[in-house]
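Residue-level structural notes
Below are the chains, spelled out letter by letter.
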Amino acid sequence: MEPAEGRAREKKVPREVSGQAPLLHMGVSPHIRAADTTTRIMGWVIIAVLPLTVYGVYIGGFKAFLVIAMSVIGAVATEAIIQRIRHIPVTISDLSALLTGLLLGLTLPPRLPWWIALMGGVAAIALGKQVFGGLGHNIFNPALVGRAVIFVSYPAYMTTSYLVRGQAFVVNTPTIRALNSVTTATPLFVAGQVRDHQLAVNTARYIGPYLWGNPWGCIGEVSAILILLGLGILLYQGLVDWRIPVCMAGTVVLLSWALGMNPILAAVSGGLLFGACFMATDYVTNPMTAWGKVVFSVGCGLVTVVLRFYSNLPEGVMFAILLMNGFTPMIDRYMKPRPFGHKSVVSQA
Amino acid sequence: MGWAQRMKRALFTRGGVHPEPRKVSSIMKIFPGPNPEQVIIPLSQHIGAPCEPVVEIGDEVLVGQKIGDSAEYVSAPVHSSVSGEVTGIKKYPHPGGHDMLAIQITSDHLDRPSPDLQPVAEPLELAPGEIRVRVREGGIVGMGGAGFPTHVKLDTPADKSIEVMIVNGAECEPYLTGDYRVMLENSEQVLMGAKIAQRALGADRIVVGVEHVFPDVIRVMREAGGPFGIEVVSLPCRYPQGAEKSLIKSIAGREVPTGGLPRDVGASVSNVQTCYAVYDLFYNGRPLTDRVLTVAGDGIAGTANLRVKIGTTVSDVIDYCGGMVGEPGKVILGGPMMGVAQYTTGVPVIKTTSGIIVLRADTMLVEEPGHFTCIRCGRCVKRCPMNLMPYQMASYADIGDWDALERFDLEECMECGCCAYICPTKNPLVQLIKVGKDGLARRRRKMDSLVGTGDGRG
Ligand code: SF4
Ligand code: SF4
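Residues numbered from 1 in each chain as written. Chains lettered and ligands numbered in written order. Predicted model: local features only at pLDDT ≥ 70, side-chain atom pairs only at ≥ 80, totals over all residues. Heavy atoms only, no water.

Take the pairing of strand β15 (residues 328-333) of chain B next. Residues and elements named next belong to chain B. Judged by how many residues are buried, β15 sits mostly within the fold: six of six residues are covered. As judged from the two bridges shared by β15 and strand β16 (residues 340-341), these two strands associate in the antiparallel manner. Bridged to leucine 333 within β16 is valine 340. Two successive antiparallel strands, β15 and β16, enclose a turn made up of six residues, where glycine 334 displays a positive phi of approximately 105°. (Buried < 20%, exposed > 50% of the residue type's maximum accessible area, 1.4 Å probe, protein only. Helix = DSSP H or I, 4+ residues; strand = E, 2+ residues; numbered from the N terminus. Pairing = 2+ DSSP bridges.)

Structure representation (structure tokens):
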């Protein structure tokens, strides 16, 4: 904030010029502005994911806390250092780097070694944001870029650092005990087994833990209910467009259902809800117009289903969103709203 | 505002913004304005050809006497708002920003009326053409915004027909309450004026649009309009609800086509005070020499709705309201969304001045010169009432890429300022779009002259 205020002070001119009429400010209309600022928006998104973060740390323990803290530190420090080197104003006070680090931390497994989380934070800002020129210029969601980098660098850690061995009391449920009898540690692998009927359990029994106290997901996937609470906050504050989470999750649910998976399990399992609510809605990397957002989010949903069902990647959401991020500039270019009074019936909501 | 309504707004608002209304003056009765020593009456207070003075320095003038006129059709005469002596005909500061030719009249404080215009016994019996001639003689222009001469607007071409005449009671700019008070205190007069305008237009029906947050006005107008069969519609409250195209869309459900006029969709819009001026002209024989405006803002001692004589300087009005408080910041004529900040309080009130907003230096908005930073939040796109892409137009205008700008419909932008208002990074969007419009117009002119002269030098 400091540099901005400094500039405002400099601009003030002496008002009384030897007894003449007071000097008045000019300036072009509008003479009033909405209260929202970048900092306030980022702050509200942080508040929206806070319940999730707290509960995730409560379930995941100190290690989960360390993961989140390290990815935040990595992101914020990288932003500051790169901006110093580029001799441009350091803008960490707009909270956007902090938010990137936090969102990244929430998509990591709770028992990940802290140094991998730190690297993720660094990669998110350096490769996901600053190479493109900083806030507003990046094509891909920075947090997901960070996650993708460590995902391909340390796949073993990324797939085995979950809580499946029953670290917390909530996981001591029949469902988890059933899961523990399975030798794999990868949650969606289990989901795959369920889908392929290799595991003779009632899939509906998984839904409860996914709603509240999911042990086989990332920190931020700990509770579908808290994710939806966060989404509620974002919608109420007018920060995100409802089309994105609704269309993305809706596409996945309907398609999974058609392909024979329990639709509710499809909705709450894996990173779908978290990705649809907090990742796909990232301002910078999704299209501007209402119909553009629909195309984008339906695309995210489609790719997620394709990856979930037809690839051996355990989690499709991340790559689905990153892929659709790449299409955003094109969608923006071709899906303009129909200007008021124009005849052509191009997309309009 | 309840949480449910807020949620609805957050989810479904498209086009328009909701600035804080700040309409404290809505409970204040209309007061007579100051009796100035001098008035400065610009010869151009409307869209169209400026007037030529028809008086000379030293002439004696009366209230309502014509002092400037033009032979052009798209123009409206100006009248003296005081009685006294013409003491100057030269360039004076004008609310539009440039100095303009104006007539200064020193008042004798007697307010002797001119006998030139007389009331009409049965105005609703007059032929439409006759009404238009008189409206022009009365110097009536659209008092809501741009000041388009009313007689031109009332002149429906033979190949068009007007189905609905809309009386614009949507005063969507923050602070302003003049139209609201006129509707409340002079509802019958407004509707009688509207009836006369309807006759000239040949419109089938009259609809009054009022924002739903003013239930008392809606009630009063319904009571007054019922016997005439005039419909009063309650409109959603948002800026720019009062913009002509938005209003027609809200009331008649029709979109004025690009580059078209309201009459192309069978509609015509008149401001509340314009209707009142028509009434005043036909029933009282008074041309347009005063108007109601709101004086408000944190930088002025007294807030008020005043009936101010056209030509009264802003400084006279400010003194009349108790003067400025605090360090003076901005003096805005009009509302804070579209009004023009003045460099001097020596400018006069003209026919289109809907308010005088005085803001203090320590609380007003100071534009930060800075880079165009867009976090791509999409708000400007979502809120633009014309469904444009403000961030793209503004960023191309910022870097001066005129070729890219040609791809957008810049001329569709009504300069409402919603985009700049809502932008969280405080980009000067509408300001840059105006720059872009100018740049494109200059470029096109240059192209035309290149083609015209053929010497390749423009
Ligand atoms: S682009 Fe023009 S019409 Fe659209 S919001 Fe901005 S100023 Fe208003
Ligand atoms: S409102 Fe401002 S930050 Fe948001 S998209 Fe428009 S220009 Fe960019």
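And the narrative resumes.
In this section: the site of ligand 2. If you check the shell around ligand 2, you find 13 residues, and the closest are Cys374, Cys377, Gly378, Cys380 and Cys423 of chain B. Near ligand 2, the surrounding residues are drawn from chains A and B. Residues belonging to the shell around ligand 2 are distributed by class as follows: nine nonpolar, three polar and one charged. (Near = heavy atom within 4 Å. Nonpolar A, V, L, I, M, F, W, Y, C, P; charged D, E, K, R; others polar.)

What follows covers the domain arrangement of chain A. Residues and elements named next belong to chain A. The domains assigned to chain A are domain 1 (38-159) and domain 2 (173-216 + 240-334). Broken down residue by residue, the surface that domain 1 buries against domain 2 is led by Tyr55, Asn141 and Leu144, which jointly contribute 27%. Applying the counting rule to domain 1 against domain 2 returns two residue pairs in polar contact (both at pLDDT 80 or more). Counting only elements with at least two residues in the side of domain 1 that touches domain 2, the list comes to α2 (38-60), α4 (96-106) and α6 (142-153). Per-element tally for the side of domain 1 that touches domain 2: the top contributor is α6, with seven residues. Among the residues making up the side of domain 1 that touches domain 2, the classes are represented as 15 nonpolar, six polar and one charged. (Domains from an automatic or database assignment. Buried area = accessible area lost by both parts, 1.4 Å probe. Polar contact = N/O pair within 3.5 Å; in protein donor to acceptor, adjacent residues only side chain to side chain.)

What follows concerns helix α6 (residues 215-225) of chain B. Among all positions in α6 of chain B, only Val217, Ile218, Val220, Met221, Ala224 and Gly225 of chain B are buried. Buried residues along α6 of chain B sit against α4 (178-185), α5 (187-201), β10 (205-211) and β11 (231-235) of chain B. (Contact = heavy atoms within 4.5 Å.)

Residues and elements named next belong to chain B. Neighbouring ligand 1 are 14 residues; Cys384, Cys413, Cys416, Gly417 and Cys419 lie closest to it. For the shell around ligand 1, the secondary-structure elements that each account for two or more residues are α11 (390-399), α13 (418-422) and α14 (429-453). Per-class residue counts for the shell around ligand 1 are 12 nonpolar, one polar and one charged.

Contacts between the two partners involve 52 residues from chain A, matched on the other side by 71 residues from chain B. Buried area between chain A and chain B, both sides added, is near 5,600 Å², and the carbon and sulfur share of it is 56%. On the chain A side of the interface with chain B, the three residues burying the most area are Arg33, Met288 and Phe340 of chain A, jointly 17% of the side's total. Our count for the contact surface shared by chain A and chain B stands at three salt bridges. Where chain A touches chain B, the interface holds 19 residue pairs in polar contact (both at pLDDT 80 or more). (Salt bridge = Lys/Arg side-chain N within 4 Å of Asp/Glu carboxyl O.)

A few words on the pattern of salt bridges. Residue and element names in this part refer to chain B. All chains considered together, the criterion is met by 32 salt bridges over all chains. A salt bridge links lysine 160 to aspartate 264; the shortest N-O distance between them is 3.5 Å. One end of the pair, lysine 160, is in the loop between α3 (150-153) and β9 (164-169); the other, aspartate 264, is in the loop between α7 (244-252) and β12 (267-271), and 104 residues separate them in sequence. On the accessibility criterion, lysine 160 (29% relative accessible area) is partly exposed. Taking the shortest distance from any N to any O, the salt bridge between glutamate 255 and lysine 249 comes out at 2.9 Å. Each member of the salt-bridge network shares a partner with another, and the members are Lys66, Asp69, Arg136 and Glu137.

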